There are 2 protein chains.
Amino acid sequence: MDAGRFDERGMTMSGIAGTPEPPYYAVIFTSERTPGDLGYGDMADEMVKLAAQQPGFLGVESAREGTGITVSYWETLEAIRQWKQNERHLMAQKEGQSVWYSRYKTRICLVERDYGFEA
Amino acid sequence: MDAGRFDERGMTMSGIAGTPEPPYYAVIFTSERTPGDLGYGDMADEMVKLAAQQPGFLGVESAREGTGITVSYWETLEAIRQWKQNERHLMAQKEGQSVWYSRYKTRICLVERDYGFEA
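Below is a summary of the structure that appears in this document.

Definitions and limits used
- Residues numbered from 1 in each chain as written.
- Chains lettered and ligands numbered in written order.
- Predicted model: local features only at pLDDT ≥ 70, side-chain atom pairs only at ≥ 80, totals over all residues.
- Heavy atoms only, no water.
- Least-squares fit on C-alpha atoms with pLDDT ≥ 70 in both.
- Contact = heavy atoms within 4.5 Å.
- Buried area = accessible area lost by both parts, 1.4 Å probe.
- Salt bridge = Lys/Arg side-chain N within 4 Å of Asp/Glu carboxyl O.
- Polar contact = N/O pair within 3.5 Å; in protein donor to acceptor, adjacent residues only side chain to side chain.
- Helix = DSSP H or I, 4+ residues; strand = E, 2+ residues; numbered from the N terminus.
- Nonpolar A, V, L, I, M, F, W, Y, C, P; charged D, E, K, R; others polar.
- Buried < 20%, exposed > 50% of the residue type's maximum accessible area, 1.4 Å probe, protein only.
- Core = buried A, V, L, I, M, F, W, Y, C linked by side-chain atoms within 4.5 Å.
- Pairing = 2+ DSSP bridges.

Digging into the relation of the copies chain A and chain B
Point 1. The operation relating chain A to chain B is a screw motion whose rotation component is 180 degrees, with 0.0 Å of axial translation and a residual RMSD of 0.0 Å. Such a combination of turn and shift is consistent with a two-fold rotation axis.
Point 2. Take the interface residues of chain A: 100% of them recur as interface residues in chain B, which is what a same-surface contact looks like.

Below you can see the structure in the form of structure tokens.
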């Protein structure tokens, strides 16, 4: 499991998640931010640390370049449902709609196959 | 369909893809680059334009922040297979392993459910 690495500033760096053999689940969260930080960075770091402690969490990958894409990986749909209902996460979701995001889309996916390359 | 937008420099900007009602497929491509451009930017732009012309293509989202994440969306597994076998794409895949990427992982997923927010 590669549950989110942290750099020297304590910021999350996800790299490529070390997930097990499929099948497993992925949640693709694609978003566009409102201007300014307004506590967003701290919340994002907290959510990665909190997700990593959830039962069934397998890893997370994240990048922002205008559009932000965060993909979290999970053992089961039930694990995803539990994370969605986590109390701190519910607060972040509410704040996300009122402050941080102008637009987002969440996609719940079954990972059927994967393959990789390493030089 | 949101098949890849282009900014004033002609570079691709993906934003959030406008996909249809699930089920459909997603290909999550997570990568780490080697140093230097070495033709990578041009190839990446060409691949987005070419993918957008493929039968069954639904959209693409992309961001790089150290780690790069590109998610392309497709109607069927057959459409994904055809794109993987596209002649120019095969050349790019080969060049990817020998020049551009130090590491990548590709995950083929069935999108079962999605929901969104717009302020």
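Focus: the interface of chain A and chain B
Point 1. Facing 43 residues of chain A, the contacting portion of chain B comprises 43 residues.
Point 2. Across the chain A/chain B interface, buried area totals approximately 4100 Å², and carbon plus sulfur atoms make up 56% of it.
Point 3. It is Ile-16, Tyr-115 and Phe-117 of chain A that lose the most area in chain A upon contact with chain B, and together they represent 20% of the buried surface on that side.
Point 4. Here chain A and chain B share 6 salt bridges between them.
Point 5. Here Glu-61 of chain B ties to Arg-107 of chain A by a salt bridge, and the two come within 3.0 Å at their closest N and O atoms.
Point 6. For the pair chain A and chain B, the interface holds 27 residue pairs in polar contact (both at pLDDT 80 or more).
Point 7. Taken together, the elements giving at least two residues each to the side of chain A that touches chain B come down to strand E3 (24-33), strand E4 (57-65), strand E5 (67-74), helix H2 (77-85) and strand E6 (101-118) of chain A.
Point 8. Top contributing element to the side of chain A that touches chain B by residue count: E6 of chain A, with 18 residues.
Point 9. A breakdown of the residues in the side of chain A that touches chain B according to their chemical character gives 20 nonpolar, 10 polar and 13 charged.

With respect to the side chain of Thr-106 of chain B
Point 1. Examined against the element boundaries, Thr-106 of chain B turns out to sit in strand E6 (residues 101-118).
Point 2. You can call Thr-106 of chain B buried: its relative accessible area is 5%.
Point 3. Setting aside anything within four residues of it in sequence, one finds Thr-106 of chain B in contact with Arg-113, Asp-114 and Tyr-115 of chain A together with Val-27, Ile-28 and Phe-29 of chain B.

Let's talk about the nonpolar core
Point 1. Core analysis: the largest hydrophobic core is formed by 42 residues, its most contacted members being Met-43 and Trp-74 of chain A together with Met-43 and Trp-74 of chain B.
Point 2. Dropping the residues within four chain positions of it, Trp-74 of chain B is found in contact with Tyr-24, Tyr-25, Val-27, Ala-51, Gln-54, Pro-55, Gly-56, Phe-57, Leu-58, Ala-79, Ile-80 and Trp-83 of chain B.
Point 3. The next biggest cluster of nonpolar side chains, apart from the first, holds 22 residues, and it includes Tyr-24 and Tyr-73 of chain A together with Ala-17 and Val-71 of chain B.

A word on the pattern of salt bridges
Point 1. One pass over the full model with this rule turns up 12 salt bridges over all chains.
Point 2. Between Asp-114 of chain B and Lys-105 of chain A there is a salt bridge whose closest N-O contact spans 3.8 Å. Of the two residues, Asp-114 of chain B is situated in strand E6 and Lys-105 of chain A in strand E6; the pairing between them involves two chains.
Point 3. For Asp-114 of chain B, a relative accessible area of 16% translates into the label buried.

Topic: the pairing of E3 of chain A
Residues and elements named next belong to chain A.
Point 1. Of all 10 residues in E3, 8 are buried, a share of seventy percent or more.
Point 2. The pairing of E3 with E6 spans 10 bridges and is classified as antiparallel. Each residue of the ladder has a partner; that of Ile-28, found in E6, is Arg-107.
Point 3. In this sheet, E5 lies alongside E3 in antiparallel orientation, the contact comprising 7 bridges. Each bridged residue has a counterpart across the sheet, and for Ala-26 the counterpart in E5 is Tyr-73.

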